[in-house]
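Now for the letters of each chain:
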Amino acid sequence: MLGWQGLAHRYNGAPQAIRYADFELDAGRHLLLRGASGSGKSTLLALLAGLLRVRQGSLEVAGTLLDGLSPRALDAWRGATLGFVPQQLHLSEALSVAENLALPALAAGQRADPARAAELLAALDIAELSGRKPHQLSVGQAQRVALARALMRRPRLLLADEPSANLDDENTVTMLALLLDAAEREGCTLVIASHDARVVEALSARDDVMAVVL
Amino acid sequence: MVRLAWRYLWSSPLTTALNLLLLTLGLAAVTFVLRVSAQVEAGLKRDLAGIDLVVGAKGSPMQIMLAGVFHLDAPTGNIPLATLDLLKQQPLVAQVVPLSLGDSFRGFRIAGTTPDYVNLYGAKLAQGALWSRPMQAVLGAEVARTIGLKLGDRFVGSHGLAEGGSAHGEQRFEVVGVLADSGSVLDRLVLTDVASVWVVHEEHHAGEVHDSHDEQDAHREITLALVRYRSPLAAVMLPRWVNAQDGLQAAAPALETARLMRLVGAGTEVLHGFGIVLLVAAGLSVWVALLHAVRARQGDLAMLRMLGAPAHRVAALVALEALLLAGLAAVLGLAAGHGLVAALEQLLAQRQSLRLGPLGFSDAEWLVPLLAGGLAVLAAAWPAWRAYRLDVTTLLQAPR
């Protein structure tokens, strides 16, 4: 379902490629990507998200071999397969919560699905926030909205980049629980990239999480 | 996408409103110039009504044309009534229509003429009939509307072509007909028999010794003669012949109108240039605003890419913002341009000056939305390209 072999990526002008040890995620388990800044964590995340083309080695994500896919095909695959919760949440300030949740459909050239948005907002206990603008939300509420947006198109893979950034201990625990619950409820694989010791400690204790140290 | 672009557009309301104002002003100026040029040209053409030559007393041909065709200026003087017969005897002349001016009623000119003058414009009667004897008057549609006279009403003309002249005593005109709106110069004239002018002025000069009927005719005058040619050759021959006659001056309306348009054209070009300067300023402003928007919304746009939007869709979103702004500005600009023309039309009507053509969409006005769209595409091209080339991988982790 998720794994790579001989995977490497070299940026234009860089003296050498970043190489990744072969890996395969066991079925039904989630993945924690650990690594300090500059370890290649972001590059692996971009490769997993189909934002960088696989030029060396092989990468399979959610049952699709990404090597050789055109940028256009990668765009379509990403929209249909991937949910992403970025470190900076990037909720559009010009739009309400409900409209932010319509973006995944609009990005794919499809009609918005308000029923799905309402269902997710209710599941994340923020149903009453649908009409608010992002600046009217607390950090925790904004995190939930970003998670709802990632889940809108029923992704098979949910990527979370540094989900504990700017969160206190209590909110970090809450956020991790939300991610794991959502992955279980939606039946998708969760990939968390983090160098936060609190996250590493919380996830290392779980049997359903495999860790890759970069 | 359109809704999203609309929301993004108005996420900076002040910037958008200013850009909208700039674009609207530029497009309104262009609309105004296009519309007025087209309408003035149409109005002039309509009032020419197939009149090939105007013959008046020696003086400026432009003045003769303005007085005889458009009823805007004072005539250069009078010409003998016998001129009509002289002209009719010319083989190159198909029709001669006399015009006697000099009096007015509440600012509207009284024109002594023959029914042929009404036929030149193809005007129809809305009420009553044309005059059958002197001192019967037919009102132009606008005159009837403004003054409110009805069939059977009587009025006294006053001396001079503008308001404020001395009244012509006991000689009263009777309204026997009202013309339907023709959009031509007839709308603002009071038409009567050419003899009415003689009757009124003979009464005006009461006390002077009266000649016999034939002697009277020999001394009688008209102001202008409107001539239609029988053959195109007349355009070369007849003006020369007229100008060679003692006291007569020929004015070819087509030539004089073209000269007038050239004179007015300079002002039109200045207005046009002003509109273009406004549009260029607006285009630059939209360009800067879009560039700023792309920079400010890099995160949003990157997120759209992350959510699966192809690069071209993100670029189209930026271009769509500019097009929506341009579309709105085109609608407002056209409306404002039409409003300005309507105001000008109102002003001209109050001054009883030249009428513009009928309101409606002129062909040239389709240029306005095209111009707005082209400007939007130009202004959006670079920002859209920046959005297309957005590096999603670095943006997704950059602080906002």
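Residues numbered from 1 in each chain as written. Chains lettered and ligands numbered in written order. Predicted model: local features only at pLDDT ≥ 70, side-chain atom pairs only at ≥ 80, totals over all residues.

> So, the sheet that holds strand 4 (residues 30-34) of chain A: which residues are in play, and what are the values?
All names here are of chain A. Across the sheet, five strands lie side by side as 7-8-9-4-10; this open sheet has parallel pairing. Edge positions in the sheet fall to strand 7 (82-85) and strand 10 (209-213), since each has one partner strand and no second. Averaged over all pairs of adjacent strands, the angle between strand axes in this sheet comes to 15°, irrespective of strand direction. Relative to strand 10, strand 4 runs parallel, the two being bridged by five bridges. What sits directly across from His-30, in strand 10, is Val-209. Contacting strand 4, strand 9 (189-194) and strand 10, helix 7 (residues 197-204) runs over the sheet at an angle of about 145° to strand 9. (Pairing = 2+ DSSP bridges. Helix = DSSP H or I, 4+ residues; strand = E, 2+ residues; numbered from the N terminus. Axes fitted to C-alpha atoms, helices over the stretch in contact; angles between N-to-C directions. Contact = placed C-beta atoms within 7 Å.)

> Account for the interface of chain A and chain B, naming residues and giving values.
Contacts between chain A and chain B engage 28 residues on the former and 22 residues on the latter. Counting residues per element, the ones that place at least two in the side of chain A that touches chain B are helix 1 (41-48), helix 2 (71-81) and helix 3 (97-107) of chain A. Here the side of chain A that touches chain B gets six residues from one element, more than from any other, and that element is helix 2 of chain A. Classifying every residue of the side of chain A that touches chain B by side-chain character gives 15 nonpolar, seven polar and six charged. (Nonpolar A, V, L, I, M, F, W, Y, C, P; charged D, E, K, R; others polar.)

> Describe in detail the environment of Leu101(B), supporting the description with residues and values.
Along the polypeptide, Leu101(B) turns up in strand 3 (residues 93-105). Remark: the alpha-carbon pair of Leu101(B) and Ala111(B), spanning 10 residues in sequence, is separated by 5.2 Å.

> Explain the pairing of strand 1 (residues 53-57) of chain B residue by residue, including any values.
Residues and elements named next belong to chain B. In terms of residue burial, strand 1 counts as a mostly covered element, since four of its five residues are buried. Two elements, strand 1 and strand 12 (residues 224-229), share three bridges in a ladder whose sense is antiparallel. Bridge pairing in strand 12 links Val-54 to Leu-226. (Buried ≥ 20, exposed ≤ 12 C-beta atoms within 10 Å, placed from the backbone.)

> Go over the packing of helix 10 (residues 253-296) of chain B against helix 13 (residues 367-388) of chain B with me, naming the residues and quoting the values.
Residues and elements named next belong to chain B. Taken N-terminus to C-terminus, the directions of helix 10 and helix 13 make an angle of 20°; their axes are 9 Å apart at the nearest point. The angle between helix 10 and helix 13 places the two elements in the roughly parallel class. Every pair of crossing elements has a handedness; the one defined by helix 10 and helix 13 is right-handed. The residues of helix 13 that touch helix 10, namely those facing Leu-279, Gly-283, Val-286, Trp-287, Leu-290, Leu-291 and Val-294, are Leu-375, Ala-376, Leu-378, Ala-379, Ala-380, Trp-382, Pro-383, Arg-386 and Ala-387. (Parallel < 35°, antiparallel > 145°, perpendicular 65-115°, else oblique. Left-handed = near helix turned anticlockwise from the far one by under 90°.)

> Tell me about the packing of helix 1 (residues 2-9) of chain B against helix 12 (residues 311-350) of chain B, residues and numbers included.
Residue and element names in this part refer to chain B. It is at 9 Å that the axes of helix 1 and helix 12 come closest, and there the two elements cross at 70°. With respect to each other, helix 1 and helix 12 are oriented roughly perpendicular. Across from Val-2, Leu-4, Ala-5, Trp-6, Tyr-8 and Leu-9 in helix 1, the residues of helix 12 making contact are Leu-317, Leu-320, Glu-321, Leu-324 and Leu-325. Of the residues contributing to the contact of helix 1 with helix 12, the split by class is 10 nonpolar, no polar and one charged.

> Which residues make up helix 2 of chain A, and what are the values?
Those residues of helix 2 of chain A that fall on the buried side of the exposure criterion are Leu74(A), Asp75(A), Arg78(A), Gly79(A) and Thr81(A). Buried residues along helix 2 of chain A sit against strand 7, helix 3 and strand 8 (157-161) of chain A.

> I'd like to hear about unusual backbone geometry, residue by residue, with values.
Residue and element names in this part refer to chain B. Phi at His-71 takes a positive value of approximately 55°, unusual for a residue other than glycine. A residue is classified by how many C-beta atoms lie within 10 Å of it, and His-71, with 22 of them, is buried. One non-glycine residue, Met-135, lies in the positive phi region at around 70°.

> Can you lay out the confidence of the model for chain B for me, pointing to particular residues and giving the numbers?
Overall, the prediction assigns chain B a mean pLDDT of 83, with 89% of residues at 70 or greater. Predicted complex, confidence summary: ipTM 0.86, pTM 0.71. (pLDDT = per-residue confidence, 0-100.)

> Requested: an account of the environment of His219(B), with residues and values cited.
Checked against the element boundaries, His219(B) lands in helix 8 (residues 213-219). For the pair His219(B) and Asp153(B), spaced 66 residues apart in sequence, the C-alpha to C-alpha distance is 32 Å.

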